[in-house]
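An overview of the molecular structure
One letter stands for each residue in the lines below.
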Amino acid sequence: MSQTIPIQEPSGTEAKLSRRKARQAALFEPDLVWTAAKQSIVMLKPWLMVRNPVMFVTEVSAALSTLVLALDLQRGAENLPYTVTVVVVLWLTVLFANFAEALAEARGKAQAETLRRTRGTTVARRRRDDASIDITTSDDLRIGDVVLVAAGEVIPSDGEVIAGAAMVDESAITGESAPVVREAGGDRSGVTGGTRVLSDEITVRITTGVGESFLDRMIALVEGAVRQKTPNELALTVTLAGMTLAFLLVTGAIGPMGRYFGVEIPLPTLMALLVCLIPTTIGALLAAIGLAGMDRALSANVLAKSGKAVELAGDVDTLLLDKTGTITMGDRQATAFHPLPGIDPALLAEAAMLASFGDPTPEGKSILVLGEQLLGARAPRERTGGELIAFSAHTRLSGLNLPDGRKYRKGAGDAVRRFVLEQGGEIPPALQPMVDSVARQGATPIVAALGGEVLGVIELSDVLKPGIRDRFERLSAMGLRVVMVTGDNPLTAAAIAAQAGVDDYIAEATPEDKLEYIRREQRGGRLVAMMGDGTNDAPALAQADIGVAMSSGTQAAKEAGNMVDLDSDPTKLIEVIEIGKQLLITRGALTTFSIANDVAKYFAIIPAMFVLALPRLAPLNVMGLSTPQSAILSALIFNAIIIPILIPIAIKGVTYRPLGADALLRNNLLIYGLGGILAPFAGIKLIDLVLGATQIF
Amino acid sequence: MKNLFEQCLASLRVVAATLAVCSGLYVLVILGAAQLFTPHTANGSLIEDGKGGYVGSELLATGFTRPEYLWPRPSACNYDASATGGSNLSPTSDALRERVQGSIAQYGVEAGTLLPTDLVTASGGGLDPHITLQGALVQTARIAGARGVDAAKVEGIVRAHGSRPGWILGGDPIVNVLLVNLDLDKRLR
Amino acid sequence: MNIVFVIAVVAGTALLSWPAGKYMAAMMHPAAGAKSRVSQLDRIAGKLAEQDWKQYCFSLLLFNAFMFTVTFLLLSLQQYLPLNPDGKGAIEPSLVFNTTASFVTNTNLQHYSGEVSMSYLSQLCPLMWLQFVSAATGIAALCALARCLAGNVRCGNFYRDVLRATFLVLLPAAIIVALLLVAGGAPMTLQGAATASSPEGVVQTIARGPVAAFVAIKQLGTNGGGFFGPNSTHPFENPSFLTNIVECMSIMVLSMACVWMFGRITGRLRHAAVIFGAMALLLTLKIGFAVYFESAPAAALHDLPLVASSNMEGKELRFGSTAGPLWAAFTTATSNGSVNSMHNSLNPLAGLVPLAGMWLNETFGGLGVGMINMFLYLIVGVFIAGLMVGRTPEYLTRKVETREMKLAILALLVHPLFILGGTALFASTPWGMGTIKNPGARGFTEILYEFSSAAANNGSGYEGLGDNSAPWNIATGLVMLLARFIPIIIPLAIAGSLAAKKPTPVTTGTLRVDTPLFGMVLLGSVILIGALLFLPVAVLGPVAEHLAALPR
């Protein structure tokens, strides 16, 4: 078993989170509120309103009531304070709805603007076909242009490094202060416009035209004008429109029915009933909920190419996660020395250390750390004497040849074996079982030798990230299947999979394996999410229902996926899924709340409407509202102000906890269903008391 | 077109088959069984008057207004067994109240005594052959007076007809008005 | 004791529905091996191919068009046809239209009185035949729906289903019930009316006929059309306490069995049990409400010198005092519409129960179509509850998306449109105002009831309403036809659309539809939608009347 060595989270994560929070504006930031307030009046244009059937009906009701009011004013009818109040509250209802949408939009834009500001217009050095350089601005760059960016310069637009390597500061985009390496030809060739090169010079091929970058697309998604309704939003809109139609029918029928009883119900009262009954609460907040979902994705530093992708994330059944960096810390660490029978453990430790002086990789360093722990003061110090055999991927060996002829080696089993045989030694029979046993436990066996003598095995273990097991347990409570993707052999993969508690693994994974696995899952009807960075991940990213490409990845990967993670954080997928689920839950919860509200509003309005003509209906006034007019107004006012009251929930989303479906449903039904029935009784009564105190109605 | 023709043909075949079986075979089977095993009730539970005619049906109320007979419940269709129906008056309506007051007046009860409700309310079909035993006992004094016999004798006959159709699950004991009246005529004259 | 009676009838029916549902599923959707036994029957219609939902609906409509045509002709010509011992004359054309529409749609709203207008041939041939095949149409449609939801794009063959439902389900059940009624004393004769002379010398013409056969299928097929005007209050249709129980159970048993059949065909008995539970709970509530409010005396009779009793107006003594409200709840919970007491004489709030039954129209509901109606509420419930668990809503592994919601909402709108629209039109014009029997709120309720009954394909009425007029005949005739076929076709379209989708696997993140929690969701959607749409009219009608009649 590889022991879990307590290791700190990669530095800067906390700082990153706090920066992210800072960028997320306060809910009712004055600037945004002012912008939204202005915008909510602009949005009154009927041809804009018609996109939202519920609020369109509300606007028409308000307009009709205004007309009646105008006629009343002309005739000098009584009841003017009542009619005026109805008209005002009806218009307020529409404005509140517009405000909710405008606020969500403003927040999204503000967030996107912050990102966009970083990339303003920058100077670009464009290389012509004839290799000459012209100086231009980022606005003039076209796809395929090649620019040179030197240390201290800002990368003018999204692109791919085609020559050179450089340290790049991406903190403006990701909030991560540590610079990253971007180089040509690897899986780290993608660069983002607006980031700054710190060292060296790179040649970048521009891959996006003006206004086409992921950021631009994201900004478009939070701008109402071009926003497309997502499939689920559309289905809900249809449902709400249907309910509106039904209540139009109910209210429309009450007029003629009143005639049977000899009651003429004034139009503003009918309009008040209609607006109270139709699901204005959810109708007003629906757009804001969707926008806020995009906004939350953006504040998690994820650029989604469509709203649909974010929404779809909630439906994901299978999650493909890379082992390295996601499930394990990424680097294998030496965790134990296993000497062969008859070998002094101290000798093995010393040999391992000496052989590792030529290995600057984290693995090599971890052997030195472990050796020092074991040997203490007796540990060998690095010395200049002797010949260092540097580790290379080709030889898979490192070592040290001392002047006295002693040759220390450590490395992969077959490489060391070859070395020992070359030195005229032989392979002890105890070695193979020892190597196998280490491998079975999910660790990597490294063999150490001194000349022709094999000393023992160094155990390199993958160290699980702290808390990863709990995280997977939460995911499986949500009904997700987690699949670990690794290049390890099946034995190692199985062991790590068991430790981490994932449901399945793909060992020795090739890009084709991933693609095939995704296809197989999809044939079973499952929705698959994966994260990738390399060009060879592109087919799998394209095939997956949710493909999140790392910002550091190649352009091909970014094009293939439907989201880009600016942090290049492999655990981001889990966050994205939660954002998707929260989006849907918020819609469902507020719809339930909205419909459940109607019960109380009925109890306020229906007796009030008819009590003058049918005084015997008085016992139905269960809330004991002071007068019929006050009852109708209280319901209408409650209906209006519940919209701004719920804006925080719409924008932040309902609290999401990773629970099974049954528990989630039970909780939400209790809060938003039962709460939705009870809350308005209290609210309407309260407003009635306030109205009663004014003694106008 | 060919498909439509085939569909019509299939429809017609199913129409013919179901019509023949449901309206033909089924009726004949039930009719045969009923006429074979229960000919009396199958033909309407009619009671012969001994002169080749009928006095009525055991199952249907018929009108009685003379004091020497037990009176049935009021009938909205005036006991017409060829055009039946209920009053369809709302239990909150003044019309119902007036009609019931009229019925109460017919019974001419003294102040302080209460009539069983069934005596003054109309049944659904207007042909309920029963009244409650309680409702019958209210009438025994009148019948005895009109017939000039001992009230206990009338009461005895009435009580002999009392039955609880639903055992413990049903309502109050009831009597069949026509059968009681025929019995009264048979035994008391 | 009254409670024991109610519980015994309800529980007995529920118990009986289990084997009945098993039998229905075996007959309608036999397992592969058992097919040969029932396949003899299928040959009647000729070669039968498996149909998709569109072809199925087309056959259904075509067959119903033939049903309509045959019936319209036979009724129009009854005066020239045989089996007319009492010489009934011609029927007015708008009444022929209304009656035909009424029986084709399984409604059996009767704007005529059987013993007055109909010859024995009219009763037995078109009307009783329709009581079989219209019920069979409903069962067939439910089978098609269930097969779609089980994931089949091809959902059976309509003709095969209708033949099986008629001959293997309804016919055996009708024979059993008819024989029980015969044994219980119901008439079964082709002789014309008898004449009797009472001891007081009053001559009584006693209408009779082949009653037992007619009443059996009227109850079993959720038809409800009586042989006589006052339906099962008439002693010939319902001679005794025992026949009343037999008929009461017959009203409900096959509708309950349809839910089990649905569960068996879809292979989801637990889901069916949850639906059954939700329906049963709603039914129990309605029965309790009706029995409670009907146990009060008629308000108009208070302070008259009468022994305290439950409301007796319009009730028969032989059934016991709770039989009326129990039946009223049963007959409107299903789309039966037969009565054993006069609904127009029910106390106002007891009368709200039959109305609520018809507004919701799916607490077991009409044969087949009750479960189909519930399917619409299932879709709406699944959609909203599904969102609350954070996934695109799905029903039986198929995603519910815009197309399904559009259709479901459309189908649900049909019901309030006809009821509220129709009532508004007739309550504000002489078409309705001039025909009411009782004044005030009760008169309004009479109009409301008539449209509710037509739209729910129920067929009961607040009788006394002068509904045999051309406006009533035409309006309710159209409502019955549209309210029958739209809510059959649209759900099949939804199911067909679901069947064509790829199934998604069930995980712990999936909304489960076989838990009591989901039962509550379903109940909530049904009650909330019903209450929200119909609360205003409930207040204007029954509630206003109740409050107005409270002793001051």
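Residues numbered from 1 in each chain as written. Chains lettered and ligands numbered in written order. Predicted model: local features only at pLDDT ≥ 70, side-chain atom pairs only at ≥ 80, totals over all residues. Heavy atoms only, no water.

**Some words on the overall build of chain B**
Here is the rule: The numbering of helices and of strands both runs from the N terminus, where a helix is a DSSP run of H or I of at least 4 residues and a strand a run of E of at least 2. What the globule rule says is 2.2 Å times the number of residues to the power 0.38, and the radius of gyration is computed from C-alpha atoms. For every residue, the accessible area (1.4 Å probe, protein chains only) is compared with the maximum for its type, and the residue is labelled buried under 20%, exposed over 50%, or partly exposed between those bounds. Exposure was quantified through the Shrake-Rupley algorithm and a 1.4 Å probe, taking into account, for residues, occlusion by the shown protein chains and nothing else.
Summing up its helical and strand segments, chain B has 6 helices and 4 strands in all. Order of helices (α) and strands (β) in chain B, N terminus to C terminus: α-α-β-β-α-β-α-α-β-α. Relative to the compact-globule value of 16 Å for 189 residues, chain B shows a C-alpha radius of gyration of 23 Å, a clear excess of over 25%. Across its three principal directions, the C-alpha atoms of chain B cover 85 × 45 × 35 Å. Expressed as a percentage of its 189 residues, the buried residues of chain B come to 53%. Only carbon and sulfur atoms are counted for the fraction: they give 58% of the accessible area of chain B, which is about 8300 Å².

**Section: the sheet that holds strand E4 (residues 159–163) of chain A**
Residue and element names in this part refer to chain A. In plain terms, the rule: Two strands qualify as a pair provided DSSP detects at least 2 bridges between them.
Read across the open sheet, the 6 strands follow the order E2-E1-E3-E9-E4-E7; overall the sheet is antiparallel. The sheet is open, and its two borders are formed by strand E2 (133–137) and strand E7 (190–191), each paired with just one other strand. Relative to strand E9 (residues 201–206), strand E3 (residues 146–150) runs antiparallel, the two sharing 5 bridges. What sits directly across from Ala150, in E9, is Glu201.

**Looking at the pattern of salt bridges**
Residues and elements named next belong to chain A. As a reminder, the rule being used: For this document, the term salt bridge refers to a Lys or Arg side-chain nitrogen within 4 Å of an Asp or Glu carboxyl oxygen.
A complete count under the given rule lists 45 salt bridges over all chains for this structure. Between Arg188 and Glu183 there is a salt bridge, and its shortest N-O distance comes to 3.3 Å. Looking at Glu183, the relative accessible area reads 28%, which means it is partly exposed. Linked by salt bridges that have partners in common, Arg126, Arg128, Asp134 and Asp145 make up one network.

**Some words on helix H23 (residues 661–694) of chain A**
All names here are of chain A. Convention followed: Under the convention used throughout, the expected extent of a helix is 1.5 Å for every residue step, that is, one less than its residue count. We define the bend at any residue as the angle between the axes fitted to the seven residues before and including it, ending there, and the seven starting there.
With 34 residues, H23 should cover 50 Å at 1.5 Å per step; its first-to-last C-alpha distance of 48 Å lies within 8% of that length. Along H23, the sharpest kink reaches roughly 45 degrees, centred on Gly675. Gln695 sits one or two residues past H23 and shows a positive phi near 60 degrees.

**Examining the packing of aromatic side chains**
Quick reminder of the rule: Note on aromatic pairs: the rings of Phe, Tyr and Trp (six-membered ring only in Trp) are paired at centre separations within 6.5 Å, and the planes decide the class, stacked below 30 degrees, edge-to-face beyond 60, tilted for the rest. Any Lys NZ or Arg CZ that is within 6 Å of a ring centre and within 35 degrees of that ring's normal is treated as a charge sitting over the ring.
Across all of its chains, the model carries 29 aromatic pairs over all chains by this definition. Ring plane angle 55 degrees and centroid distance 6.0 Å describe the contact between Phe375 of chain C and Tyr395 of chain C, whose orientation is recorded as tilted. Of this pair, Phe375 of chain C sits in helix H13 (residues 369–388) while Tyr395 of chain C sits in strand E3 (residues 394–395), and the two are 20 residues apart along the sequence. On the basis of relative accessibility, which here comes to 0%, the residue Phe375 of chain C falls in the buried class. Note on Phe426 of chain C and Trp431 of chain C: the rings are 5.5 Å apart at their centroids and 50 degrees apart in plane angle, and the pair reads as tilted. Judged by relative accessible area, Trp431 of chain C falls into the partly exposed class, the value being 43%. Its guanidinium or amino end placed over the ring of Trp71 of chain B, Arg142 of chain B lies 3.6 Å from that ring's centre, counting from NZ or CZ. For the cation-ring pair, Arg264 of chain C lies above Trp18 of chain C, with the distance from its terminal atom to the ring centre recorded as 4.8 Å.

**Some remarks on a nonpolar patch on the surface**
All names here are of chain A. Quick reminder of the rule: A residue counts toward a patch only above 30% relative accessible area and without a salt bridge, and it is joined to like-charged neighbours within 9 Å or, for Val, Leu, Ile, Met, Phe, Trp and Tyr, to nonpolar neighbours within 5 Å.
Side chains of Val60, Leu64, Leu67 and Leu267 sit close together on the surface and give an oily, nonpolar patch of about 310 Å² of accessible area. Per element, the largest residue contribution to the nonpolar patch is 3 residues, and it comes from helix H4 (residues 53–75). With respect to the helices and strands, Leu64 occurs in helix H4.

**Quick notes on the nonpolar core**
For the record, the criterion: Remark: nonpolar core denotes a set of buried residues (Ala, Val, Leu, Ile, Met, Phe, Trp, Tyr, Cys) joined through side-chain atoms within 4.5 Å. These domain limits were set by an automatic method or by a database of domain assignments. Whether two residues are in contact is decided by their heavy atoms, any of which lying within 4.5 Å being enough.
Tyr26 of chain B together with Ile139, Phe330 and Tyr395 of chain C are the most contacted members of the largest nonpolar core, which totals 357 residues. Sort the elements by how many residues they give to this core and helix H21 (residues 572–610) of chain A lands first, with 21 residues. Residues from two domains meet in this core; each of domain 1 (2–41) and domain 2 (45–187) of chain B gives at least three. When neighbours within four sequence positions are excluded, Tyr26 of chain B is seen to be in contact with Val21 of chain B together with Met128, Phe132, Leu171, Ala174, Ile175, Ala178, Ala213, Ala216 and Ile217 of chain C. One finds Ile343, Leu397, Ile446 and Val454 of chain A within the second-largest nonpolar core, a separate group that totals 41 residues.

**Some thoughts on the sheet that holds strand E10 (residues 302–304) of chain A**
Residues and elements named next belong to chain A. Selection criterion: Here the axes come from fitting lines to C-alpha atoms, over the contacting stretch only for helices, and the angles between their N-to-C directions go from 0 to 180 degrees.
Taking strand neighbours across the sheet as the criterion, the 7 strands line up as E10-E22-E21-E20-E11-E18-E19 in an open arrangement whose pairing is mixed. With one partner strand each, in any of the chains shown, E10 and strand E19 (504–506) form the two edges of the open sheet. Strand-to-strand twist across the sheet, computed as the mean angle between neighbouring axes with direction ignored, equals 20 degrees. Of the strand pairs in this sheet, strand E21 (residues 546–550) and strand E22 (residues 563–565) are connected by 3 bridges, and their pairing is parallel. From the neighbouring strand, Val548 faces E22, where its bridge partner is Met563. Across the sheet, H21 is in contact with E10, strand E11 (318–322), strand E20 (528–532), E21 and E22; its angle to E11 comes to roughly 155 degrees.

**Digging into the interface of chain A and chain C**
Condition: A quick way to say it: buried area is the sum, across both parts, of accessible area lost when two parts are put together, with a 1.4 Å probe. Classes in brief: Ala, Val, Leu, Ile, Met, Phe, Trp, Tyr, Cys and Pro nonpolar; Asp, Glu, Lys and Arg charged; the others, Gly included, polar.
On the side of chain C, 59 residues touch chain A, which itself brings 62 residues to the contact. Across the chain A/chain C interface, buried area totals approximately 5000 Å², and carbon plus sulfur atoms make up 74% of it. A per-residue breakdown of the area chain A buries against chain C is headed by Met257, Tyr260 and Arg616 of chain A, which together make up 16% of the total. In this structure, the salt-bridge partner of Asp317 of chain A is Arg391 of chain C, at a minimum N-O distance of 3.0 Å. Those elements that place two or more of their residues in the side of chain A that touches chain C are helix H8 (231–260), helix H16 (468–477), H21 and H23 of chain A. When residues in the side of chain A that touches chain C are grouped by element, the largest group, 20 residues, is from H8 of chain A. Residue composition of the side of chain A that touches chain C, grouped by class: 38 nonpolar, 14 polar and 10 charged.

**Here's the deal with the confidence of the model for chain A**
For clarity, the cut-off: A score between 0 and 100, pLDDT records how confident the predictor is in each residue.
For chain A, the average pLDDT comes to 85, and 92% of its residues sit at 70 or higher. Scored below 50 in pLDDT, residues 1–19 of chain A shows 25 contacts in the model against residues more than four places distant or in partner chains.

**Remarks on the interface of chain B and chain C**
Rules: Pairs of N or O atoms within 3.5 Å make up the polar contacts considered here, provided that, within protein, one atom can donate a hydrogen while the other can accept it, and that residues adjacent in sequence are counted only when both atoms are side-chain atoms.
Across the boundary between the two partners, chain B contributes 94 residues, which contact 98 residues of chain C. Taken over both partners, the interface formed by chain B and chain C buries close to 7800 Å², and the fraction arising from carbon and sulfur atoms is 67%. If you sort the residues of chain B by the area they bury against chain C, Tyr26, Asn88 and Pro91 of chain B come out on top, with a joint share of 10%. Where chain B packs against chain C, one counts 3 salt bridges. The salt bridge involving Glu313 of chain C is made with Arg99 of chain B; its shortest N-O contact spans 2.8 Å. If you look at where chain B meets chain C, you find 50 residue pairs in polar contact (both at pLDDT 80 or more). Listing elements by their share of the side of chain B that touches chain C, those giving two or more residues are helix H1 (2–37), helix H2 (39–42), strand E2 (54–57), helix H3 (94–107), strand E3 (130–132) and helix H6 (177–187) of chain B. The biggest single contributor to the side of chain B that touches chain C is H1 of chain B, with 22 residues. Of the residues that constitute the side of chain B that touches chain C, the class distribution is 48 nonpolar, 37 polar and 9 charged.

**Structural notes on the pairing of strand E17 (residues 453–464) of chain A**
Residues and elements named next belong to chain A. Burial within E17 is extensive, with 11 of its 12 residues counted as buried. Bridge count between strand E16 (residues 443–450) and E17: 8 bridges; the pairing is antiparallel. Residue Ala449 lies in a different strand from E17, and its bridge partner there is Val454.

**Examining unusual backbone geometry**
At Ser45 of chain B, a residue that is not glycine, the phi angle is positive and equals roughly 50 degrees. Mapped onto the elements, Ser45 of chain B comes out in the loop between H2 and strand E1 (46–48). Although it is not a glycine, Phe364 of chain C sits at a positive phi angle of roughly 85 degrees. Owing to a relative accessible area of 1%, Phe364 of chain C belongs among the buried residues under this scheme.

**Some thoughts on the environment of Ala443 of chain A**
Residue and element names in this part refer to chain A. Checked against the element boundaries, Ala443 lands in strand E16. Taking C-alpha positions, Ala443 is 9.9 Å from Asp488, a pair spaced 45 residues apart along the chain. Apart from residues lying up to four places away in sequence, Ala443 is in contact with Val438, Glu459, Leu460, Ser461 and Thr492.

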